[in-house]
Amino acid sequence: GRLEAMLLEAKGSWAEAGKAYSNLLEDNALDQVIHKRKAAMEKAQGNLSGAIECLNKYLEIFMADHDAWRELAEIYVSLQMYKQAAFCYEELILSQPTNPLCHLAYADVLYTVGGLENLQAAKKYYASVIDLTGGKNTRALFGICLCTCAIGQLTKGRNKEEKESLELQSLAATALEKDYKQIAPSKLSLLSSALRSLKLS
């Protein structure tokens, strides 16, 4: 029955496939694959709100499904619903605390939302990515530099930048320059000018 419904879906017979999936769920309400197919079908039709609804219903039952949380987070990001995406990434970090990609995605969302508290939290999560990857994540290194610059602009004239923060940005900038010297020496001048514009060189 599941394969027949998937065939209908592949042919573009969305209504018939939806009915078939609903009938199958009546027989077995805990069939994970069918729940996911319904969400995928909504997304394929461009109905992102329907996909969100399906995934939320699915995650009420199967809370430990990392892929579903990641998919939901990506849909929220595509719709610029960053607070909802942040919640999904928080769930992923709780269930996979040693996965640097979860920390990185969460830091990106916090940086995008902005505001002093979010930027400070983003900097911490970028730092945790660097820690988890042994300093081998260029995006996290850039994230540290951007967060530090943004925090500096927000706190300008109110309080001094912490010594620890200055050390962290300096270390991130040095690590970036070292990476670029080894991997892309022709781009080193571009990096140096970018870091100078952030007052980090």
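To keep things clear, this report deals only with the structure shown in the data block. (Residues numbered from 1 in each chain as written. Predicted model: local features only at pLDDT ≥ 70, side-chain atom pairs only at ≥ 80, totals over all residues. Heavy atoms only, no water.)

The next thing to look at is the overall build of the chain. Of regular secondary structure, the chain possesses 11 helices and zero strands. The linear arrangement of helices and strands in the chain, starting from the amino end, is α-α-α-α-α-α-α-α-α-α-α. With respect to the three principal axes, the spread of C-alpha positions in the chain is 60 × 40 × 25 Å. Within the chain, buried positions represent 38% of all 201 residues. Here the analysis covers contacts within the chain between residues at least 6 apart in sequence; of these, 44% occur between residues at least 24 apart. Of the roughly 11900 Å² that the chain leaves accessible, carbon and sulfur atoms contribute 54%. (Helix = DSSP H or I, 4+ residues; strand = E, 2+ residues; numbered from the N terminus. Buried < 20%, exposed > 50% of the residue type's maximum accessible area, 1.4 Å probe, protein only. Contact = heavy atoms within 4.5 Å. Areas by Shrake-Rupley, 256 points an atom, 1.4 Å probe, with all protein chains shown as cover.)

Before going further, it helps to spend a moment on the packing of helix H6 (residues 82-95) against helix H7 (residues 100-113). Axis separation between H6 and H7 bottoms out at 9 Å; the angle between their running directions is 155 degrees. One way to sum up the angle between H6 and H7 is to call them roughly antiparallel. Handedness of the crossing formed by H6 with H7: left-handed. Here Tyr-82, Ala-85, Ala-86, Tyr-89, Glu-90, Leu-92 and Ile-93 of H6 come into contact with H7, specifically with Cys-102, His-103, Ala-105, Tyr-106, Val-109, Thr-112 and Val-113. Taken together, the residues of the contact of H6 with H7 break down into 11 nonpolar, two polar and one charged. (Axes fitted to C-alpha atoms, helices over the stretch in contact; angles between N-to-C directions. Parallel < 35°, antiparallel > 145°, perpendicular 65-115°, else oblique. Left-handed = near helix turned anticlockwise from the far one by under 90°. Nonpolar A, V, L, I, M, F, W, Y, C, P; charged D, E, K, R; others polar.)

Moving on, we get to unusual backbone geometry. Notably, Gln-80 is not glycine yet its phi reads approximately 60 degrees, a positive angle. Along the chain, Gln-80 falls in the loop between helix H5 (66-78) and H6. Accessibility expressed as a relative area gives 60% for Gln-80, which makes it exposed.

A few words now on the packing of aromatic side chains. What characterises a pair of aromatic rings is the spacing of the ring centres plus the angle enclosed by the ring planes. Counted under the stated rule, the structure contains four aromatic pairs. The interplanar angle of 35 degrees and the centroid separation of 4.9 Å between the aromatic rings of Tyr-58 and Phe-62 together place this pair among those described as tilted. Pair check on accessibility: Tyr-58 and Phe-62 agree, each one buried. Residues Trp-69 and Phe-87 carry aromatic rings whose centres are separated by 6.0 Å and whose planes lie at 65 degrees to one another, so their mutual orientation is edge-to-face. Of this pair, Trp-69 sits in helix H5 while Phe-87 sits in helix H6; the two residues are 18 residues apart in sequence, bridging distant segments of the chain. When its relative accessible area of 43% is taken as the criterion, Phe-87 is described as partly exposed. (Phe/Tyr/Trp six-rings, centres within 6.5 Å; stacked < 30°, edge-to-face > 60°.)

Attention now moves to the state of the cysteines. Under the defined criterion, the tally for this structure stands at zero disulfides. Note on Cys-102: no disulfide assigned, nearest cysteine sulfur contributed by Cys-88 at a separation of 11 Å. The thiol sulfur of Cys-145 is not disulfide-bonded, and the nearest other cysteine sulfur, from Cys-149, lies at 9.2 Å. Taking the relative accessible area as the measure of exposure, Cys-145 reaches 0% and is therefore buried. (Disulfide = S-S within 2.5 Å.)

With 14 residues, helix H2 (residues 14-27) should reach 20 Å at 1.5 Å per residue; the first-to-last C-alpha distance of 20 Å fits that figure. Among the structural elements, helix H1 (2-11) and helix H3 (32-44) are those in contact with the buried residues of H2. (Expected span 1.5 Å × (residues − 1).)

With respect to the helices and strands, the residue His-103 is situated in helix H7. Contact partners of His-103, with chain neighbours within four places excluded, come to Ile-93, Pro-97, Tyr-125, Ser-128, Val-129 and Leu-132.

Further remarks concern the nonpolar core. Membership of the largest hydrophobic core comes to 44 residues, with the highest contact counts inside it found for Leu-72, Tyr-89 and Tyr-126. Here this core takes seven residues from H7, the largest share from any one element. Excluding residues that lie within four positions of it along the chain, Tyr-89 makes contacts with Ala-73, Glu-74, Val-77, Cys-102, Ala-105, Tyr-106 and Val-109. By size, the runner-up hydrophobic cluster in this structure holds seven residues, among which are Ala-5, Tyr-21, Leu-25 and Ile-34. (Core = buried A, V, L, I, M, F, W, Y, C linked by side-chain atoms within 4.5 Å.)

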